[in-house]
Protein chains: 2
Amino acid sequence: MNVEIISIGNEILGGNIVDTNANYIIKKLKGINLNVQHVSAVADEESEIVAQLKEACQRSQIIITTGGLGPTEDDITFQSVAKTFQLNLVKYPEAERHMIERISKIGVSVSPSNLKQSFLPEGSICIINPYGTAPAMILEKEGKVIVSLPGVPLEMKNLLSEQIIPFLEKNFPNLEHIQSRIIRTSGLGESNLNDMIKDFIISNQKLNIGIYASPEDIKIQLNALAKTAEETKNILDEATRQLKVILGDYIFGYDNESLEEVTGNLLRRKKLSLAVAESCTGGMLGETLTIVPGSSDYFKGGIISYDGEIKEKLLGVPHTLLTRFGEVSEPVAKAMAEGVRKNCNSDVGLSITGIAGPTGGSQEKPVGLVYIGLADAGQTLVQKHYFHNGRQAIRLRSVRRALNMLRLHIIKG
Amino acid sequence: MNVEIISIGNEILGGNIVDTNANYIIKKLKGINLNVQHVSAVADEESEIVAQLKEACQRSQIIITTGGLGPTEDDITFQSVAKTFQLNLVKYPEAERHMIERISKIGVSVSPSNLKQSFLPEGSICIINPYGTAPAMILEKEGKVIVSLPGVPLEMKNLLSEQIIPFLEKNFPNLEHIQSRIIRTSGLGESNLNDMIKDFIISNQKLNIGIYASPEDIKIQLNALAKTAEETKNILDEATRQLKVILGDYIFGYDNESLEEVTGNLLRRKKLSLAVAESCTGGMLGETLTIVPGSSDYFKGGIISYDGEIKEKLLGVPHTLLTRFGEVSEPVAKAMAEGVRKNCNSDVGLSITGIAGPTGGSQEKPVGLVYIGLADAGQTLVQKHYFHNGRQAIRLRSVRRALNMLRLHIIKG
């Protein structure tokens, strides 16, 4: 079963965006044992889209397009699919209804360019898109399945998971089972992790193992293939057990769990409330914690003390500490954590103060120097770090390390 | 002149890596007025690489491949290029010399699989690679130029800039100049923007115009092509002037300018300091403002009042307002903006309170309802919005709208 992806849009060929959609689709389809054999990107030109679709039909049974479903003049995917198979475009009333409902909700009038989006190739299945106005489409024709998804990543991802994958599973039942598990770690560098699990990799030849580093965390992906679902699960369970022994508390979660979610769940379970005091991260720690729905169960809020005056006034950091040790120092990180805990009336206070750069560094306190403070009823701890790779990476690392410090503190406490 | 990129490698089709090489090459070639018309990714299979090269030859004059130049069994780009044009692979002594030198330097012995890398298609130009062992290649055949570059991004980038771009410039001197400009807007939806500039697009056929929507902003990209650099600049200036008349203050910036940067510069110019009070965004507004280096010139900090208690205690929102109108209400947004301005001693206070969901909404106050407050010495303004598409999109939109409200207020003030 050959599968092929066609990314449609001048944004890609114009160099404006990197095509991350194709990679996402490849990974999702792997989960149902469908392998993509060919990926291409074409411009918003009817002749080129049609030519690519015709080529694709010669080698692939399933063709997935992304992009070109929007309301503007250059969005011509449906019309190009119709042309390829010599079909008419016909109005799908349910698509029109959804669009009008959605647009009127935000108090905007429906424009003719919006209405264009409700015309799909005759005979296709219209997939209503709860995440946008443009519907998606599945067309079964000449023994091929053509799927057209929007190019907006959020819409594409949701529609793929919720509608397209179930459709393909139902229509193309596979005999072999493939299953993946992601082991997420925090606190280790990529080469350290690599060294620690080198023997594990060698002794687990049945598994396909990948290590992926991102600014958020380093994850180990385990892919197991076997005759039955039970067998793949057993392989993954055994590998997970071995990794737990090797990596211990460096592992914070599995699959889609995030560090902010895991840490939040620990706070909830221990009935601890949290407040944050942020300097160089300017609110990023709070923002990250509140990505998690329901974080109001444990997160009270905090103080963004970007300016020294706010450290004094709202966090109660003594003026003498600031003048004697400087805003980026261990005593100030300590006072910030204690101050935010007190003033926000929380069980735990977490603070970050550092030099994110690009300017403001010195020989003694270089760009990337960050102190993280943690105060609870019993004690106040401070960690000192040196981070690299520019302002945004330094801020991101600071937030991840602060969350991990809090996680380990709760586990060990 | 059609240009085409073929990315070769199981890593891409296996979903292990996102193909960022293609995007890099597209952008680099644009600078010398070469437009990529087609991008594809194929597996490490000779038959598929040959088929793709043959297809490419039918529509493109310049074909650039990346990947498949390494020493392992599955690195078969040279052999596939040779097969496509029915050429022999011949040994290039300079490539072998470079490889042996490089490998012995790191104290490893040269393996037969390394030596394979020094066999290139007969008649091709061998490009010695100072950044790795694998040489790159340029082949001129049947009126086509085939360029094969390594897949390792660092090696590919350096060889492209240092060797391939100069070769192409010398061999394909272009008479025309190309120049792009990006016009960034905030506050308009994509289809509204489209309707507003439809006539402009029709009357500017000389320009290639694209509209790109992201959660951050909607941008219009203008691409002008003319005989001289001066002429392209004149075309872009005239188009920009027309768009300014049509879109007015919806335009916030050009090219790489961000809304947080433009708004920050306005604050700096007017010598205004800012503090923020954030509820549902949990720190995202502060985080966004402090992405900009030097934001400490105008940003003092703020209060993350995720919990009602903090709204009272640290922002001075009267208890009666909270109980009577609720945390997400116009009076509370107003009191938050005024409170943070007062307690952080800033010229302007900016507040966000809303329901990001997924739970917590009601008939009267649905998920997505957001109030944005702005207080300065003279007045306090509040905007009411309804946003969509889930928790994170609602938070992101709230931040963009708050920044845009502030920008417009400063401009008009």
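These figures come from a predicted structure and were not determined experimentally.

The rules we used
Residues numbered from 1 in each chain as written. Chains lettered and ligands numbered in written order. Predicted model: local features only at pLDDT ≥ 70, side-chain atom pairs only at ≥ 80, totals over all residues. Domains from an automatic or database assignment. Helix = DSSP H or I, 4+ residues; strand = E, 2+ residues; numbered from the N terminus. Contact = placed C-beta atoms within 7 Å. Nonpolar A, V, L, I, M, F, W, Y, C, P; charged D, E, K, R; others polar. Axes fitted to C-alpha atoms, helices over the stretch in contact; angles between N-to-C directions. Left-handed = near helix turned anticlockwise from the far one by under 90°. Pairing = 2+ DSSP bridges. Buried ≥ 20, exposed ≤ 12 C-beta atoms within 10 Å, placed from the backbone.

1. A short note on the domain arrangement of chain A
Then comes step 1: According to the domain assignment, chain A contains domain 1 (3-171), domain 2 (177-254) and domain 3 (259-412).
Then comes step 2: Once you take the C-alpha centre of each, domain 1 of chain A and domain 2 of chain A turn out to be 34 Å apart.

2. A look at unusual backbone geometry
Then comes step 1: In the segment running from G357(A) into P358(A), the intervening peptide bond is cis, with an omega of 5°.
Then comes step 2: One non-glycine residue with positive phi stands out, namely N345(A), at about 55°.
Then comes step 3: Structurally, the position occupied by N345(A) is in the loop between α15 (330-343) and β15 (348-354).
Then comes step 4: You will see that D255(B), though not glycine, has its phi angle at about 50°, which is positive.

3. Some details on the interface of chain B and chain A
Then comes step 1: Tallying the contact residues gives 65 residues for chain B and 65 residues for chain A.
Then comes step 2: Take the side of chain B that touches chain A: its biggest share by element is 7 residues, from strand β2 (residues 35-42) of chain B.
Then comes step 3: Along the lines of polarity and charge, the residues of the side of chain B that touches chain A split into 26 nonpolar, 27 polar and 12 charged.

4. Some words on the packing of helix α10 (residues 259-269) of chain B against helix α15 (residues 391-412) of chain B
Residue and element names in this part refer to chain B.
Then comes step 1: Their axes nearest at 10 Å, the elements α10 and α15 cross at an angle of 35°. Taken as a pair, α10 and α15 cross one another with a handedness that is left-handed. The residues of α15 that touch α10, namely those facing L259, E260, V262, T263, L266 and L267, are R400, L403, N404, L406, R407 and I410.
Then comes step 2: Partitioned by chemical class, the residues of the contact of α10 with α15 number 7 nonpolar, 2 polar and 3 charged.

5. Quick notes on the sheet that holds strand β16 (residues 369-375) of chain B
Then comes step 1: The strand order across the open sheet built from 10 strands is β17(A)-β16(A)-β15(A)-β13(A)-β14(A)-β14(B)-β13(B)-β15(B)-β16(B)-β17(B), with neighbouring strands paired in mixed fashion. Every other strand in the sheet has two partners, leaving β17 (380-386) of chain A together with β17 (380-386) of chain B as the edge strands with one partner each. When strand polarity is set aside, the average angle formed by the axes of neighbouring strands in this sheet is 15°.
Then comes step 2: With 3 bridges joining them, strand β14 (residues 299-304) of chain A and strand β14 (residues 299-304) of chain B adopt antiparallel strand pairing. Residue G302(A) lies in a different strand from β14(B), and its bridge partner there is I304(B).
Then comes step 3: Most of the contacts of helix α13 (residues 308-315) of chain A go to β14(A), to which it runs at about 135°, and overall it touches β13 (274-278) and β14 of chain A together with β14 of chain B.
Then comes step 4: Relative to the sheet, α15(A) contacts β13, β14, β15, β16 (369-375) and β17 of chain A, its axis offset from that of β15(A) by approximately 145°.

6. Here we look at the pairing of strand β3 (residues 62-66) of chain A
Residues and elements named next belong to chain A.
Then comes step 1: Counting buried positions along β3 yields 5 of 5 residues, so the element is predominantly enclosed.
Then comes step 2: Of the two faces of β3, the one lined by I62, I64 and T66 and the one lined by I63 and T65 are each fully buried.
Then comes step 3: Bridge analysis of strand β1 (residues 3-8) against β3 gives 5 bridges, and the strand direction is parallel. Among the inter-strand pairings, S7 is bridged to a residue of β3, identified as T66.
Then comes step 4: Judged from the 5 bridges that link them, β3 and strand β8 (residues 144-149) form a sheet pairing that is parallel. Within the sheet, the bridge partner assigned to I64 lies in β8 and is V147.

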